[in-house]
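# Analysis of the macromolecular model
Listed below are the residues making up each chain.
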Amino acid sequence: MIRIDFVIDGEMEQLIADRVRAGGFASAEEYVESVLTQHFMPPDPPNIEELILDGLASGEGEECTPEYWERQKAEFLARHGVKAP
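Residues numbered from 1 in each chain as written. Predicted model: local features only at pLDDT ≥ 70, side-chain atom pairs only at ≥ 80, totals over all residues. Heavy atoms only, no water.

A word on the overall build of the protein. Counting its secondary structure elements, the protein contains four helices and zero strands. Reading the protein from its N terminus to its C terminus gives the helix and strand order α-α-α-α. The globule rule puts the C-alpha radius of gyration for 85 residues at 12 Å, and the 23 Å found for the protein is more than 25% above it. Taken along the three principal axes of its C-alpha coordinates, the protein extends 60 × 35 × 25 Å. For the protein, the proportion of its 85 residues judged to be buried stands at 7%. (Helix = DSSP H or I, 4+ residues; strand = E, 2+ residues; numbered from the N terminus. Rg over C-alpha atoms; globule rule 2.2 N^0.38 Å. Buried < 20%, exposed > 50% of the residue type's maximum accessible area, 1.4 Å probe, protein only.)

What follows is the structure, encoded as structure tokens:
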């Protein structure tokens, strides 16, 4: 285990105190440890089997023809406010 001591004051101190209260942490140390853990630990991989089952349960499929991909592209560009090339 590594022990790190440092001082935080001013605006940062208030921000951390607010996060401790809002997040239900027991202390600032617990909050900082949580932030570091989230930053350095990779997220859990998605459950592929669950995703496949969700896809199968989502309804009838659609054949991916060139026309399908053109519609997908047009919808994407419109949704993001980009003019088609």
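Text resumes after the structure shown.
A word on the layout of surface pockets. Counted as a void, the largest pocket has a volume near 660 Å³. If you go around the largest pocket, you meet 15 residues; those closest to its centre are Ile4, Asp5, Phe6, Glu29 and Val32. Among the secondary structure elements, those contributing two or more residues to the lining of the largest pocket are helix H1 (11-23) and helix H2 (28-40). Residue classes in the lining of the largest pocket are distributed as ten nonpolar, no polar and five charged. (1 Å grid on protein atoms, 1.4 Å probe; cavity = no way out; pocket = protein on both sides within 12 Å on 5 of 7 lines; lining within 4 Å. Points joined across faces, edges and corners; volume = space filled by probe spheres on them. Nonpolar A, V, L, I, M, F, W, Y, C, P; charged D, E, K, R; others polar.)

This part is about the packing of aromatic side chains. The full count for this structure, using the stated rule, is two aromatic pairs. Centre to centre, the rings of Tyr68 and Trp69 are 5.0 Å apart; their planes meet at 80 degrees, and the pair counts as edge-to-face. (Phe/Tyr/Trp six-rings, centres within 6.5 Å; stacked < 30°, edge-to-face > 60°.)

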